[in-house]
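# Secondary and tertiary structure notes
Each chain, written out:
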Amino acid sequence: MDTTKLSKMLYGGDYNPEQWDESVWPEDMRMIRLSGMDIATVNVFSWAMLQPDEVTYNFETLDKIMDMLHQNGIFACLATATGAHPAWMARKYPEILRVDFDGRKRKFGGRHNSCPSSEVYRKYSVQLADKIAERYKDHPALLLWHVSNEYGGECYCDNCAAAFRVWLRQKYGTLDKLNEQWNTRFWGHTFYDWEEIVPPNILSEAWHGDRTNFQGISLDYARFNSDGLLDCYKLEYDALKKHTPDVPVTTNLMGTYKPLDYFKWAKHMDIISWDNYPSADTPFSFTAMTHDLMRGLKDGAPFLLMEQTPSQQNWQAYNTLKRPGVMRLWSYQAVAHGADSIMFFQLRRSIGACEKYHGALIEHVGHEHTRVFRECAELGSELSKLGDKILGARAKSKVAIMYDWENRWAIEFSSGPTVALKYVDEVHKYYDALYQLGISVDMVSFESDLSAYDIVIAPVMYMVKPGVADRIEAYTKNGGTFITTFFSGIVNENDLVTVGGYPGELRKVLGIWAEEIDALFPGQTNKIVMKDTLGNLQGEYSCSILCDLIHSEGADVLAVYGEDFYQGMPALTRNRFGQGEAYYVATSPEASFLQGFLGELCEARGIAALPGVQSGVEVTERVKDGRSYLFVMNHNAEAVNVDLKDGGVDLLTDRSVSGVTELAGRGVMIVEA
Amino acid sequence: MDTTKLSKMLYGGDYNPEQWDESVWPEDMRMIRLSGMDIATVNVFSWAMLQPDEVTYNFETLDKIMDMLHQNGIFACLATATGAHPAWMARKYPEILRVDFDGRKRKFGGRHNSCPSSEVYRKYSVQLADKIAERYKDHPALLLWHVSNEYGGECYCDNCAAAFRVWLRQKYGTLDKLNEQWNTRFWGHTFYDWEEIVPPNILSEAWHGDRTNFQGISLDYARFNSDGLLDCYKLEYDALKKHTPDVPVTTNLMGTYKPLDYFKWAKHMDIISWDNYPSADTPFSFTAMTHDLMRGLKDGAPFLLMEQTPSQQNWQAYNTLKRPGVMRLWSYQAVAHGADSIMFFQLRRSIGACEKYHGALIEHVGHEHTRVFRECAELGSELSKLGDKILGARAKSKVAIMYDWENRWAIEFSSGPTVALKYVDEVHKYYDALYQLGISVDMVSFESDLSAYDIVIAPVMYMVKPGVADRIEAYTKNGGTFITTFFSGIVNENDLVTVGGYPGELRKVLGIWAEEIDALFPGQTNKIVMKDTLGNLQGEYSCSILCDLIHSEGADVLAVYGEDFYQGMPALTRNRFGQGEAYYVATSPEASFLQGFLGELCEARGIAALPGVQSGVEVTERVKDGRSYLFVMNHNAEAVNVDLKDGGVDLLTDRSVSGVTELAGRGVMIVEA
Amino acid sequence: MDTTKLSKMLYGGDYNPEQWDESVWPEDMRMIRLSGMDIATVNVFSWAMLQPDEVTYNFETLDKIMDMLHQNGIFACLATATGAHPAWMARKYPEILRVDFDGRKRKFGGRHNSCPSSEVYRKYSVQLADKIAERYKDHPALLLWHVSNEYGGECYCDNCAAAFRVWLRQKYGTLDKLNEQWNTRFWGHTFYDWEEIVPPNILSEAWHGDRTNFQGISLDYARFNSDGLLDCYKLEYDALKKHTPDVPVTTNLMGTYKPLDYFKWAKHMDIISWDNYPSADTPFSFTAMTHDLMRGLKDGAPFLLMEQTPSQQNWQAYNTLKRPGVMRLWSYQAVAHGADSIMFFQLRRSIGACEKYHGALIEHVGHEHTRVFRECAELGSELSKLGDKILGARAKSKVAIMYDWENRWAIEFSSGPTVALKYVDEVHKYYDALYQLGISVDMVSFESDLSAYDIVIAPVMYMVKPGVADRIEAYTKNGGTFITTFFSGIVNENDLVTVGGYPGELRKVLGIWAEEIDALFPGQTNKIVMKDTLGNLQGEYSCSILCDLIHSEGADVLAVYGEDFYQGMPALTRNRFGQGEAYYVATSPEASFLQGFLGELCEARGIAALPGVQSGVEVTERVKDGRSYLFVMNHNAEAVNVDLKDGGVDLLTDRSVSGVTELAGRGVMIVEA
């Protein structure tokens, strides 16, 4: 963004004045300014307003809105309005309506409803983006482009089927290659003509919703679908860039949202932005991990928190209020993990349709004398004071966790060995252990450069893509510590098993062979029994879900199973490889094991915990221009004493703080040092 | 009905002799007479028999049945036979088959299978009603018309879509008005042509089955669907009335059945009738409430119990037998709440298809030596003795509960704040408290005249329709006591929020402002803490589901919350308004609170409990010609002692009873005084 | 089979070399021979390979495979390859794709995907079988034909609808007869033209998935569907027999698989084969019962175990490994119940698609140094030693349990009295009691000759087909002991109730009348109270699900209910009938009652338990040429002492064993005497 325009943390949110009579607008402006906000995301759902029919475009209302924003010192995060197509278009061109996973042609309604392969949709969405960019390219309120809204979902229509075949030709070249990589000799699925291939949904290869008979086609369709939506995004991106090469373009992502490969998307985004909607019972460390994942999409660059709710959501089953202080706390949590903005959905609550019970800066009562408004305005005031201090600051981590969307798809498409294995949960177990220890983590892709890290963890690296094993070997050989787990190294990028013994391409670096994989019933556990102590790690720990039955082929056996017929077989191994070490955690351990294990590894490598970490207290650090900004956040409702060690100046109070310091319930400090 | 024909409580039920060989009929007659029955509902599912093809009508069998009934002194509740269309019609005119909520075109089968918008269905159903009325208008057995059967269900076909657009034009006049009331600027749903509007089902606006993206269209479609089926009913009604202006017409309703707005239907019915099928675990007070709701449909007029099972149902998961005495007890419960008939499904059990394990007067064994037959015959004998004594008698209530179908639809279509909120359950909580106290209740509509009541309760009056708030204010000003609850006064009749502060149009009469609405997780509770005693009401009570965070704007704060960040905020308020009082119950309380609270209000207003009420003992009163008929019903399996106070003569035993009197397990007394 | 070719227990499994490069094949041969195997099921899913387009057939690869097998001394169980049609055929002839229960036309994918009524499918499947038979009829490797694979599923397409009408015409002759037997006067379903009849799926008569409005049509459709698939089988059978009249033909069945009436299928199979895939928590007695049912399909003839997994499955939710020894134990369990083969799916694990995590002789690691391979090779070695000793040996049972697929369909289509009633579970309760007692059981059809049995049990004989009651009466009159239960004797073969009193046609032999049937809620129980002792059977027992309220009409009342309003009514009766006795168990008792009750009956009739039976130890006997082979199998993980009485020679160790003998955990003895 043009920081000459605004050099502070962006503060604002989604604003839909077109839903209201213009007489309401001045009051909106007064209250938005009163709350200290300076940015509004506008035009998200205006397609039907801007283009009332196939040939007419009408920007009158949007002109007024943009001008009003500017006159009130508020910048625009200007959306391209393609998040929901107009009803007239659905009627005239039914091809823009999707066919769902159950094979049903949808009708007009809802939101994520455009077929990404539709030429009509692509033509008109790009045309709209182009016209908007042309019209507002020099508007002084324009700060940022926002393409469409929360891309997502899948389509299985005939147009998609045709596009899928083109995509497959590009990927495989020949049917022989496709047949080989999909292993179509199995169940006699050999294709002799591209036209024989149909999308894998409930009418063809899927069963029980999320499982599939042919992982190969389902995996490729997931890629195709993610790519197809990305193409739609890129077409709009190009249309915008043609007019405004210097205005950054984003689209709002959704954290660990499964269907889109955000690492691939990130390459085409100028800045990452995302919408953070935890439930009241989402673990704090899960939210933290998701922020770090979003930060990792562009190698640690700051991102935008595009949406969160000031208080209540509407689409959960039980929509609790955010307790006093929680909105502020969670806002700073975003900043603590790399956000350079705090933005809300929504600035004024709508009065009709499904989001009218979603929280907003301006509630239905319409005035500022509400708890929610007060909390927003207090935060606004704090952010003004912070100025540009931490804008652009970055985290520095010596530990990385590898994360991959295609790996997740493949694991969760798998028929066997267990439905209990959820990729994100396994990743979160490792993240959470480090979070509780106060160790900063970078979430990186399977393609990331690992050289900056002392420890790299790849939980359930089921799919080993070309070149990945080599890079892991090189990393380890050069002194890195690599950790992976059960059910890793099993398949190639098309879900074909690497024969010759699990963990396949990772076998050499790990120095083990996994002969069998046992699946445990829900509630069933085994034990990890430490052979010797590993630092302070000793004794027995519970484990569950899957147990690899492994043999050492050179690795040291650090722990063994404590029960069942594979009692005594290795459960934790360490392979010295070149200058480094590679660990294999053969099962899914309880939390205390992972905290103990990772704690020892970090300590041995001199990776220190951030000061102040304790139960319910989260600590992160961002650094900029040689200054450190320590975020200390108390998720407990009660005050706690935290030990800040050397400390510094708390930017939120201007107080000098050090040593043992009281931190209020749900309180936050940003200690500059 | 023509009481010169039959001046006693109707006793009988559904009878389908056309399913049997005629040789069986004389035995039917003998046993029906033996059981003391005098009415048979016939011809319910005979369309295929009466009209074997498009041009032929054949009434031969029905003639025989009607004549046989008359010869045996049995009256006919004569159905129009349009409850299920013939297979030939479905084949020839597929338009009569519905499209379901999932968007699937149905085929022939089942029961509720005619599209209400089909011109073919309307033409032939009316033609059949017309022919039947013409043929039997002077038949001496004819007592009552029964249109179709248990109207219900929804259709989403293209014919319905077209009819819906016509209905919308009539309601809104212009698309501008519709767009405004549906708030279609939200998510860019603006309609520019009526033809763009499609029915809201799972292919368009619905999600997770019962929730919707656009409450406006879903609410209107629910109205349209109820109206469409009502139109089908009215067309048949008119055809019957043309021939027999004096024969009463009914159709059998289904209590709290959600899809049909029975208050609207009742205006077009000469007499209300309904089918009572409680489960073995349905609370007795729920059945009582439903009877009172049916009585309330026509302002307290007696209704007909059209169907109940003599013993077993077939379509529940676990179909328990009615224990000895239960059929009699529940029959009198219906009478106690206003029924002037006791009728069964079915007089003889079918031998094939899905209802063959549903109870009947004549079981598969075929003779009268069964427990079920004996109990039926004993009841028949009692009813003969009662004669016309209580026919037409009415309840007299000083307390009313307001109930509304559209309000229910709107609440349950809502996205947020909680899926736990079920309208009927909340209404039942208030009804049950009064039931346990022995206070008679009238169930009234949002449009009813309230002036006769000392207390009016409107649980969760979420939707305030035009004029309703004014009438509530006038009622309260004139000395009435009005009670409403959390999540009331929120929207107008099209689910648009009334801005300016909840509870919107009810805010003035209640003297409060509800700033926020907190949703509690399942199992989570807060506390209602009484500030002072209200009569005997004091101490703390549990509450759940939703908690409004309210501020008094003049109302007395009678109780506050005991926990969480809104501890100390009002949980129960009373606003003195003119001569009356308006109470706001800000959350969903446990039963003991409601019994204490409503008990105090009733006592203060001199509304006395009926004598004899105690745990498991239900008491109601019907009055007629200055005489009182006290129904005392023991739902316990064991005998109890009840205090009848002054007492009178028990019509079922001719004994004089007063003071403490023993009442057998599942026993009933009807005390005339 | 031609036992001159191979006179030992077949040992081998499914083998799909066409999925692999030919360079892998020699290693396959080496390892298969190394494991002691001698048969491979080949060509199961090769249709797309053999027939790449409509006119081309290519047997080159199959020729090589067959020759290779022969050169390595391995016989072929040669499949006809019609288990999955080619993609090109689905594209060119969409008629071969099914319409599912939800009314959705399927696309290419999955496995059971051919419409059984499709003329195209029938033409090409028969043509393929014919060509294969012609080509390999004289191949020296050919031992056995394997038609298609695991026939199953249903189709509801228009071709099936048309074929169903033809099937109905053949069954009923006239629409009058059909209307009568389906009781279509109910709900006005009378059909006037055959074309009006549509398949009963979720679009017509079905509701909640497994229930139906019209049992008659649903039952006939289940028969039609089973018959249609059987026709497909028979057409292939005939094509094979034309070329090889002496080579036995089978298709692999699936135990208690519901949709196919295997008694009807068995008539057209030369030898029964089936696939045994118990879960880790399947009761051992359930697997035993299923083996006995498969043996009963052809009146006790030995069958083939066509598939089991060497270790792990893939399609269960949690795919546990078979613990060491379990594969061997369960293999011998099959033999103990009548199998003459032990075969696996699969010999080499595929590397792609959904079965890649299913166990195999040759795992992904590709060598023989695995636990699974070792166990397979050890078993192979044992089987070689056994030679032809027990080939063709038979069980001898004095107790039979009657089982019927149509009876199951009818019970589970029923609307009422309870969804808790599952036919197979009730049958298993009786089987399990006898299993725990060590009593050998034959599973027989409703049409079987009963004269050889001392005791015949027909749990929940709901449907009494023509002639069955007469045969039961004759059997009992001649001295047999007949036992049936609640909810028996209710309907005829078309689900029409037999009027005049339950249990209908069985009433005379049982000497009772069941007046009512009470359904109990989940968790609710009643008691069976013994009046006098029946041998050692005395005291009280729990019962649940359904309770018939019966009256004796001559039967002795042995036990009564202990609770509820039918306390004191008969719960167990015995009717002396001619030389025999007929028992009625009026409810579903707990296991201890059935063990006590059946134990007494067996003891009184001199039916002795097999030696060695105790908790977790299963014992069966096969006899041949006057020799007895006692299988003693320890399902416990720990060793036990079993009392073998006279004993004999354990064929697996060549040791003489008698009296109290230790048997290892999961150990097996085959004692010849």
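Residue numbers restart at each chain and count upward from 1, following the sequence in its written direction. Here the convention is simple: chains get letters from A, ligands get numbers from 1, in the order in which they are written. In view of the model being predicted, local features appear only for residues whose pLDDT reaches at least 70, and side-chain atom pairs are presented and counted only at 80 or more, with totals across whole chains, interfaces and linings using the full set of residues. In computing side-chain values, all of the structure's heavy atoms are included and hydrogens and water are not.

## A short note on the nonpolar core
Each nonpolar core is a collection of buried residues, namely Ala, Val, Leu, Ile, Met, Phe, Trp, Tyr and Cys, held together in the definition by side-chain atoms within 4.5 Å. To sort residues, take the accessible area from a 1.4 Å probe on protein chains only and compare it with the maximum for the residue type: under 20% means buried, over 50% means exposed, and anything in between is partly exposed. Residues Phe 597 of chain A, Phe 597 of chain B together with Phe 597 of chain C are the most contacted members of the largest nonpolar core, which totals 670 residues. In this structure, Phe 597 of chain A is in contact with Ile 483, Leu 534, Leu 537, Leu 572, Tyr 583 and Val 585 of chain A, ignoring residues within four places of it in sequence. Should any heavy atoms of two residues lie within 4.5 Å, those residues are counted as being in contact.

## Some points on the sheet that holds strand 27 (residues 655-657) of chain C
Residue and element names in this part refer to chain C. The pairing criterion is simple: DSSP has to find at least two bridges between the two strands. The secondary structure listing takes helices from DSSP runs of H or I that are at least 4 residues long and strands from runs of E that are at least 2 residues long, numbered from the N terminus. The 5 strands are arranged 23-24-29-26-27 in an open sheet whose pairing can be described as antiparallel. Two strands bound the open sheet, and with one partner strand each, they are strand 23 (617-624) and strand 27. The mean inter-strand angle of the sheet, taken between neighbouring strand axes irrespective of direction, is 30°. In this structure, strand 23 lies alongside strand 24 (residues 627-634), joined through 8 bridges in antiparallel fashion. Bridging across to strand 24, Val 617 finds its partner in Asn 634. Lying on the sheet, helix 11 (residues 326-336) is in contact with strand 23, strand 24 and strand 29 (668-672); it crosses strand 24 at an angle near 145°. Angles shown run from 0 to 180 degrees and are taken between the N-to-C directions of axes, each axis being a line fitted to C-alpha atoms and, for helices, limited to the stretch in contact.

## A closer look at the relation of the copies chain A and chain B
Its rotation angle being 120°, the transformation that places chain A on chain B also includes 0.0 Å of axial translation and leaves an RMSD of 0.1 Å. These values place the two chain copies in the arrangement generated by a three-fold rotation axis. Residue Arg 104 of chain A of chain A places its C-alpha closer to the rotation axis than any other residue of that unit, at 5.3 Å. Superposing the copies works by least squares over the C-alpha atoms of residues that have pLDDT at least 70 in both of them.

## Brief notes about the interface of chain C and chain A
Every contact between the two is made by 51 residues of chain C and, on the other side, 56 residues of chain A. Note on definitions: buried area is the accessible-area loss of two parts on being combined, 1.4 Å probe, summed for both. Note on chain C versus chain A: buried area summed over both sides is about 4700 Å², and carbon and sulfur give 58% of it. Counting the surface chain C buries against chain A, the share from its top three residues, Phe 108, Tyr 318 and Tyr 357 of chain C, is 15%. Salt bridges are counted wherever a side-chain nitrogen of Lys or Arg sits within 4 Å of a carboxyl oxygen of Asp or Glu. The interface formed by chain C and chain A holds 6 salt bridges in total. In this structure, the salt-bridge partner of Arg 323 of chain C is Asp 564 of chain A, at a minimum N-O distance of 2.6 Å. For this analysis, a polar contact is any N or O atom pair within 3.5 Å, provided that within protein one partner can donate a hydrogen and the other can accept it, and provided that sequence-adjacent residues contribute only side-chain to side-chain pairs. Our enumeration of links across chain C and chain A arrives at 28 residue pairs in polar contact (both at pLDDT 80 or more). Listed by contribution, the elements that provide at least two residues to the side of chain C that touches chain A are helix 2 (47-50), helix 4 (87-92) and helix 12 (371-386) of chain C. By residue number, the principal contributor to the side of chain C that touches chain A is helix 4 of chain C, which donates 3 residues. For the side of chain C that touches chain A, the class distribution of residues is 22 nonpolar, 16 polar and 13 charged. Charged residues are taken to be Asp, Glu, Lys and Arg, nonpolar residues to be Ala, Val, Leu, Ile, Met, Phe, Trp, Tyr, Cys and Pro, and polar residues to be all remaining types, Gly included.

## Section: the domain arrangement of chain A
All names here are of chain A. An automatic or database domain assignment supplies the residue ranges for each domain. When cut into domains, chain A gives domain 1 (11-154 + 232-394), domain 2 (158-218), domain 3 (399-605) and domain 4 (617-672). For domain 1 and domain 4, the distance between their C-alpha centroids amounts to 31 Å. Taken residue by residue, the interface counts 28 residues in domain 1 and 20 residues in domain 4. Its largest share of buried area at the contact with domain 4, domain 1 owes to Leu 329, Ala 336 and Lys 389, together 29% of the area lost on that side. Run the count over domain 1 and domain 4 and you get 2 salt bridges. Between Lys 389 and Glu 672 there is a salt bridge, with its nearest N and O atoms 2.9 Å apart. Our count for the contact surface shared by domain 1 and domain 4 stands at 13 residue pairs in polar contact (both at pLDDT 80 or more). Of all the elements in the fold, those that place two or more residues in the side of domain 1 that touches domain 4 are helix 10 (284-296), helix 11 (326-336) and helix 12 (371-386). Looking at the side of domain 1 that touches domain 4, the element that brings in the most residues is helix 11, giving 8 residues.

## Brief notes about the sheet that holds strand 24 (residues 627-634) of chain A
All names here are of chain A. Here 5 strands make up an open sheet; going across it, the order is 23-24-29-26-27 and the pairing antiparallel. Sheet topology places strand 23 (617-624) and strand 27 (655-657) at the edges, where each strand pairs with a single neighbour. When the angles between neighbouring strand axes are averaged without regard to direction, this sheet yields 30°. The sheet contacts of helix 11 involve strand 23, strand 24 and strand 29 (668-672), and relative to strand 24 the element is tilted by about 145°.

## Some points on helix 5 (residues 119-136) of chain A
For helix 5 of chain A, with 18 residues, the first-to-last C-alpha span of 26 Å sits near the 26 Å given by 1.5 Å per residue. Looking at the buried residues of helix 5 of chain A, the elements they touch are helix 2 (47-50), helix 3 (60-71), strand 3 (75-79), helix 4 (87-92), strand 4 (142-146) and helix 8 (215-243) of chain A. Residue count minus one, scaled by 1.5 Å, sets the expected span of a helix.

## A short note on the UniProt feature "domain: Beta-galactosidase C-terminal" (unreviewed entry) in chain A
UniProt positions are given in the numbering used here, feature names are shortened, and annotations may be inferred rather than shown by experiment. The positions UniProt marks with the feature "domain: Beta-galactosidase C-terminal" (unreviewed entry) are residues 616-672 of chain A. As annotated, residues 616-672 of chain A has a helix share of 0% and a strand share of 61%, and its two end C-alpha atoms lie 22 Å apart.

## Observations regarding the UniProt feature "domain: Beta-galactosidase trimerisation" (unreviewed entry) in chain A
Taking the numbering used here, the UniProt-annotated feature "domain: Beta-galactosidase trimerisation" (unreviewed entry) corresponds to residues 398-607 of chain A. For residues 398-607 of chain A, the helix share is 25%, the strand share is 31%, and the end-to-end C-alpha distance is 7 Å.

## Some details on the pattern of salt bridges
This model, assessed by the stated rule, comprises 139 salt bridges over all chains. Between Asp 63 of chain C and Arg 135 of chain C there is a salt bridge; the shortest N-O distance is 2.7 Å. Pair noted here: Asp 63 of chain C is in helix 3 (residues 60-71) and Arg 135 of chain C is in helix 5 (residues 119-136), with a separation of 72 residues, a long-range link. Taking relative accessible area as the criterion, Arg 135 of chain C reaches 44% and is therefore assigned partly exposed. Glu 382 of chain C is the salt-bridge partner of Arg 328 of chain C, the closest N and O atoms lying 3.0 Å from each other. Linking Arg 328 of chain C in helix 11 with Glu 382 of chain C in helix 12, this pair joins segments that are 54 residues apart in sequence. Of the residues examined, Glu 382 of chain C reaches a relative accessible area of 18% and is grouped as buried. Ionic contacts of the salt-bridge type, sharing partners, join the residues Lys 171, Asp 220, Arg 223, Asp 404, Glu 406 and Lys 465 of chain A into one network.

## Remarks on the interface of chain A and chain B
Contacts between the two partners involve 51 residues from chain A and, on the opposite side, 56 residues from chain B. Note on chain A versus chain B: buried area summed over both sides is about 4700 Å², and carbon and sulfur give 57% of it. The largest contributions to the chain A side of the interface with chain B come from Phe 108, Tyr 318 and Tyr 357 of chain A, which together make up 15% of the buried area. At the junction of chain A and chain B, the tally comes to 6 salt bridges. In this structure, the salt-bridge partner of Asp 518 of chain B is Arg 323 of chain A, at a minimum N-O distance of 2.7 Å. In this structure, the connection of chain A to chain B is made through 28 residue pairs in polar contact (both at pLDDT 80 or more). Elements represented by at least two residues in the side of chain A that touches chain B include exactly helix 2, helix 4 and helix 12 of chain A. Taken together, the residues that form the side of chain A that touches chain B break down as 22 nonpolar, 16 polar and 13 charged.

## Topic: the pairing of strand 1 (residues 10-14) of chain B
Residue and element names in this part refer to chain B. The buried count for strand 1 comes to 5 of 5 residues, which makes it a mostly enclosed element. Where strand 1 and strand 11 (residues 341-344) come together, 4 bridges link them in parallel fashion. Within strand 11, the position partnered with Leu 10 by the bridge is Ser 341. Clockwise travel from the first strand over the helix to the second, with the strands pointing away from the viewer, marks a crossover as right-handed. In this region the chain leaves strand 1, passes through helix 1 (residues 25-34) and returns to the parallel neighbour strand 2 (residues 39-42); the handedness of that crossover is right-handed.

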